[in-house]
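What follows is each chain in one-letter form.
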Amino acid sequence: MAVPKTVLWDRDPHTAAKHNLLRKYLEPWAPILLSRHATITYAEGFSGPGVYSQGEPGSPVVALEAFAKALQHRSGRIRMVLVEGDERRESELRSQLDKAREHHSADVSRRLRVNTHYGECHPTLLEQLRLQGSLGKPLFVLLDSYGGPDIPFSLLQELGKHRSTEVMVTFQPAFLTRFGEANENHRRAGDAAFGGTEWHAVFDQPSNEKFTFLRDQYRESLRRAGFTHTLFFEMVDEGNHVLYLIFGTRHERGLEKMKEAMWSVDRDHGVRYRDPKDSEQQQLALELEPHTGPLRRILLEHIAAAPKGLTVAELKAFTLLETVYKPSQVTKLITDMRDAKAVTTTPRRDGDDQGPGPASRDELSGVLAEPGGRGGGLLD
Ligand SMILES: C[S@@+](CC[C@H](N)C(=O)[O-])C[C@H]1O[C@@H](n2cnc3c(N)ncnc32)[C@H](O)[C@@H]1O
């Protein structure tokens, strides 16, 4: 997408899908955290004007509505810290948020503190978060630039120092793969975003692997910044433009909740998810019953690489931590794979805990899991 010059612009399919996902994540996020903490914070570094040209809400308004809903049923306070680098847009954002707050009760408005700031994302965002005492407390940060590279690694590092911070970053790989090699300024911007120069190896990758290479490099950068669990998925619009949404957290629960959000969003026209681990890079429609063909391939490859087999518990953990799928999708898939004789399974032994037994793909690994061989039963 070309970078708009006007205060407002048309909302594209990527953005609609992103907002759905954000809403689906924040709606459970806020009440869960409010049940344990007196104050939680939501922040954006690239907030936008809060509205699109046809009147659709921008991400800060989407978030505000999710929080107002949560505060109707929970005690506690929510702080919103919103930075925008264009003065006209920051002013529009303020009036959109004021308008949105008018629809909520005085009590909800009092406990939903909203601050907008005109300034560069970095360092304004960190300065404001420090001032408000939000660092080190539950904090979700959306860094939704036009795709960059304009999110400094040093900012991610500062945020990642705190266990309770989660981030969601948008990242478009096309700019650096096209212009990073020839233009030194762009290359430096890439270095600042990745926190190093390892990503330069993208220039030596075959053209059909450049995006995935860059994506994996960025994932590594997030890990180095402290976000031990990252969830990557692609959104591909009808024009085949690729946008990565990258979620980083230190908490498995956060990862689980983000996946639930991802799989519960309504179908969005022209937008698909793709799992980075799927060797066939199949695009997935946003459906309530997601197509699990790619997960089947991913699991088979993973099992094939483990000659002694894997327990279903291990496959579930792998699915949670390494793919876009949910652990709850694994059991049925393994049953189907077993019935189709793609894997063999062993029953649980008496006295074992609930951890399920090994699954092996015999034609690849040559190993038939022996009954009772590895504890826990499969498919309890
Ligand atoms: C993709 S838009 C954000 C859209 C918004 N998150 C939403 O979903 O409704 C990016 C915004 O970042 C602003 N921006 C660009 N560079 C910035 C910077 N360095 N610091 C802060 N804001 C910036 C732009 O003016 C634009 O409004």
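All values reported here derive from a predicted model rather than from experimental measurement.

Conventions we followed
Residues numbered from 1 in each chain as written. Predicted model: local features only at pLDDT ≥ 70, side-chain atom pairs only at ≥ 80, totals over all residues. Heavy atoms only, no water. Helix = DSSP H or I, 4+ residues; strand = E, 2+ residues; numbered from the N terminus. Core = buried A, V, L, I, M, F, W, Y, C linked by side-chain atoms within 4.5 Å. Buried < 20%, exposed > 50% of the residue type's maximum accessible area, 1.4 Å probe, protein only. Domains from an automatic or database assignment. Contact = heavy atoms within 4.5 Å. pLDDT = per-residue confidence, 0-100. Expected span 1.5 Å × (residues − 1). Arc of directions from axis to C-beta. Pairing = 2+ DSSP bridges. Near = heavy atom within 4 Å. Polar contact = N/O pair within 3.5 Å; in protein donor to acceptor, adjacent residues only side chain to side chain. Areas by Shrake-Rupley, 256 points an atom, 1.4 Å probe, with all protein chains shown as cover. Phe/Tyr/Trp six-rings, centres within 6.5 Å; stacked < 30°, edge-to-face > 60°. Lys NZ or Arg CZ within 6 Å of the ring centre and 35° of its normal.

Description of the environment of T197
Now for step 1: Relative to the helices and strands, T197 resides in the loop between α8 (184–194) and α9 (210–224).
Now for step 2: Sequence spacing of T197 and R187 is 10 residues, and the spatial spacing of their C-alpha atoms is 8.8 Å.

Some points on the nonpolar core
Now for step 1: Counting 61 residues, the largest nonpolar core has L26, Y42, F67 and F140 as its most contacted members.
Now for step 2: The residue makeup of this core includes at least three contributed by each of domain 1 (13–285) and domain 2 (293–365).
Now for step 3: Dropping the residues within four chain positions of it, Y42 is found in contact with L22, L26, S59, A63, F67, R79, M80, V81, L82, F140 and L142.
Now for step 4: Counting 36 residues, the second-largest nonpolar core is a separate cluster that includes I151, L155, L159 and Y218.

Details of the confidence of the model for the chain
Now for step 1: Of all residues in the chain, 83% have pLDDT values of 70 or greater, and the mean over the chain is 84.
Now for step 2: Contacts for the low-pLDDT stretch residues 361–380, under 50 throughout, to residues beyond four places or in other chains number 73 contacts.

Topic: helix α3 (residues 87–102)
Now for step 1: The terminal C-alpha atoms of α3 lie 23 Å apart, and with 16 residues this matches the ideal 22 Å at 1.5 Å per residue to within 8%.
Now for step 2: Turning to α3, its buried residues number three or more, namely R89, E90, L93, Q96, L97 and A100. An end-on view of α3 places all buried positions within 120° of arc, on one side of the element. Of the exposed residues in α3, the ones pointing more than 90 degrees away from its buried face are E87 and E102.
Now for step 3: The inward-facing, buried residues of α3 abut α2 (59–73), β2 (77–84) and β3 (112–118).

Side note on the pairing of strand β6 (residues 229–236)
Now for step 1: Buried residues dominate β6, accounting for 8 of its 8 residues.
Now for step 2: Of the two faces of β6, the one holding H229, L231, F233 and M235 and the one holding T230, F232, E234 and V236 are both buried throughout.
Now for step 3: Sheet analysis places β6 next to strand β7 (residues 242–249), joined by 8 bridges and oriented antiparallel. What sits directly across from L231, in β7, is F247.

Observations regarding the site of the ligand
Now for step 1: With respect to spatial proximity, 20 residues lie near the ligand, and among them H19, Y52, E84, R89 and D144 are the closest.
Now for step 2: Contact between the ligand and Y52: an oxygen atom at 2.8 Å from a side-chain N or O atom of the residue.
Now for step 3: Side-chain polar atom of E120 to a nitrogen atom of the ligand: 3.1 Å apart, as the coordinates give it.
Now for step 4: Out of a free accessible area of 600 Å², the ligand has 89% covered by protein chains.

Details of the packing of aromatic side chains
Two measures describe an aromatic ring pair: the distance that separates the ring centres and the angle between the ring planes.
Now for step 1: Here the structure, examined in full by the defined rule, presents 15 aromatic pairs.
Now for step 2: Ring centres of Y25 and F247 lie 5.3 Å apart, and the angle between their planes is 65°; this geometry places the pair in the edge-to-face category. Of the two residues, Y25 is situated in helix α1 (residues 13–34) and F247 in strand β7; the sequence distance between them amounts to 222 residues. We note that Y25, like F247, is buried.
Now for step 3: Taken together through their ring pairs, the aromatic side chains of Y25, W29, Y42, F67, F140 and F247 make up a single cluster.
Now for step 4: The positively charged end of R224 is found above the aromatic ring belonging to F153, 5.0 Å away from the centroid.

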